[in-house]
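Residues per chain are reported as follows:
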Amino acid sequence: MTDTGQTIGQLAAAAGVNRQTVRYYQRRGLIEQPPKPSSGYRRYPRATMERIRFIKRAQGLGFSLEEIRALLTLGDGRCDDVRRVAENQRALVAARIADLAAMQDTLDGLIERCRNAHAPGHCPLIETLTHRD
């Protein structure tokens, strides 16, 4: 990268996203679109690449774009507020894990019933999914 910044293609490649993602983040107000010079291409500062990487890492932790916007607004100086947002996200993740564990247990039980089924033309899993108690 030069001191003059990066084009959108260079920015996207450096941040590990595609151009459409950069444009989408601009439309959502997560990153700023630099002014377009009368001749040439817009140039994005290094801070934009770092912000995109932040957004992608936050998405990887399950934060929505609205939650990420809140985190970006809060910034470094409001750690207590940021911590509360992270604690809420962690609670959601814990709830999802519990739901997934319950689904896994249900599937394990259904799979075991299928293993033990001896009646031809009868599948306990299909029966369970078809008929609700």
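For the structure itself, consult the block above.
Conventions used here
Residues numbered from 1 in each chain as written. Predicted model: local features only at pLDDT ≥ 70, side-chain atom pairs only at ≥ 80, totals over all residues. Heavy atoms only, no water. Core = buried A, V, L, I, M, F, W, Y, C linked by side-chain atoms within 4.5 Å. Buried < 20%, exposed > 50% of the residue type's maximum accessible area, 1.4 Å probe, protein only. Helix = DSSP H or I, 4+ residues; strand = E, 2+ residues; numbered from the N terminus. Salt bridge = Lys/Arg side-chain N within 4 Å of Asp/Glu carboxyl O.

A. Molecular detail of the nonpolar core. Grouped together as the largest cluster of nonpolar side chains are 18 residues, with contacts concentrated most on Val22, Tyr25, Ile52 and Ile55. Elements with a contribution of two residues or more to this core: helix H1 (8–15), helix H2 (19–27), helix H3 (46–60) and helix H4 (65–74).

B. The pattern of salt bridges, seen in detail. Summed over the entire model, instances satisfying the criterion amount to eight salt bridges. Between glutamate 66 and arginine 69 there is a salt bridge, with the nearest N and O atoms lying 3.2 Å from each other. Separated by three residues within a single helix, glutamate 66 and arginine 69 lie in helix H4, roughly one turn from each other. Residue glutamate 66 is classed as partly exposed on the basis of its relative accessible area of 43%. With relative accessibility at 25%, the residue arginine 69 sits in the partly exposed group. When the shortest N-O distance is used, the salt bridge between aspartate 81 and arginine 78 registers 2.7 Å. Taken together, the shared-partner salt bridges in this structure form one network comprising Arg28, Glu66 and Arg69.

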